[in-house]
Amino acid sequence: MADEIQDEPIGLHNLKPAPGSRRPRKRVGRGEGSGLGKTSGRGQKGAGSRSGAKDRARFEGGQMPIHMRMRKLRGPHMKKSMPFEMFRTHTQTVNLQDLEARFDSGAEVTLDALKAVGLGKRKDVPVKILAKGEITKPLTVHAHKFSASAREAIEGAGGTCTVVAA
């Protein structure tokens, strides 16, 4: 049967949902013999049996709802105020003063070299060079990101900045 389907090219004329993925609509209130007569599957009495009952998707059966359990940090500019911090970007920072202290003039500063001197040690977290401190040596720096002022300072000292793909 699988061969028959592959012989014919797929087109709008032969598209069908997967077997068992679609079910017929429930027809309620069509007599006791249907299995969904009388109360139409709503049970006896109560708010849920009434017409216009609010059956909200986010209702949690009376327990404290998740939007009320979550912390309430307001403000669009605070990264940590967003729900579950799903937009927070993670980088590990390395400052120019650290490069100045740990590398000799003309050195090649790669991600492995940074790791060897105790900087940028976290695996799979991008490294960003920031401009705290001063740099006087010409260094060839390889990192995932550079701040504009850090790039300016490194190139001003005669070095180069190379962006590494994450």
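As the structure is a prediction and not an experimental result, all values here were calculated from the model.

Caption draft 1: A look at a nonpolar patch on the surface. A cluster of nonpolar side chains, Ile 10, Leu 12 and Leu 15, forms an exposed patch at the surface whose accessible area comes to about 420 Å². Within the fold, Ile 10 resides in the loop between helix 1 (2–7) and helix 2 (66–69). Its relative accessible area of 74% is what places Ile 10 among the exposed residues.

Caption draft 2: Geometry of the nonpolar core. Counting residues in hydrophobic clusters, the biggest one holds 20 residues, and the most contacted among them are Leu 99, Phe 103, Leu 114, Ile 129, Leu 139 and Val 141. Those elements that provide at least two residues to this core are helix 3 (96–102), helix 4 (111–116), strand 3 (127–130), strand 4 (140–143) and helix 5 (148–156). Leave out the neighbours within four places in its chain, and Leu 114 touches Val 94, Leu 99, Phe 103, Val 109, Leu 119 and Val 127.

Caption draft 3: Main features of the sheet that holds strand 1 (residues 92–95). Spatial strand order, 1-3-5: 3 strands in an open sheet with parallel pairing. Looking along the sheet, the strands with just one partner apiece sit at the ends: strand 1 and strand 5 (145–146). Here strand 3 runs beside strand 5; their pairing, made up of 2 bridges, is parallel. From the neighbouring strand, Lys 128 faces strand 5, where its bridge partner is Lys 145.

About the cut-offs
- Residues numbered from 1 in each chain as written.
- Predicted model: local features only at pLDDT ≥ 70, side-chain atom pairs only at ≥ 80, totals over all residues.
- Heavy atoms only, no water.
- Patch = residues over 30% accessible without salt bridge, like charges linked within 9 Å, V, L, I, M, F, W, Y side chains within 5 Å.
- Areas by Shrake-Rupley, 256 points an atom, 1.4 Å probe, with all protein chains shown as cover.
- Salt bridge = Lys/Arg side-chain N within 4 Å of Asp/Glu carboxyl O.
- Helix = DSSP H or I, 4+ residues; strand = E, 2+ residues; numbered from the N terminus.
- Buried < 20%, exposed > 50% of the residue type's maximum accessible area, 1.4 Å probe, protein only.
- Core = buried A, V, L, I, M, F, W, Y, C linked by side-chain atoms within 4.5 Å.
- Contact = heavy atoms within 4.5 Å.
- Pairing = 2+ DSSP bridges.

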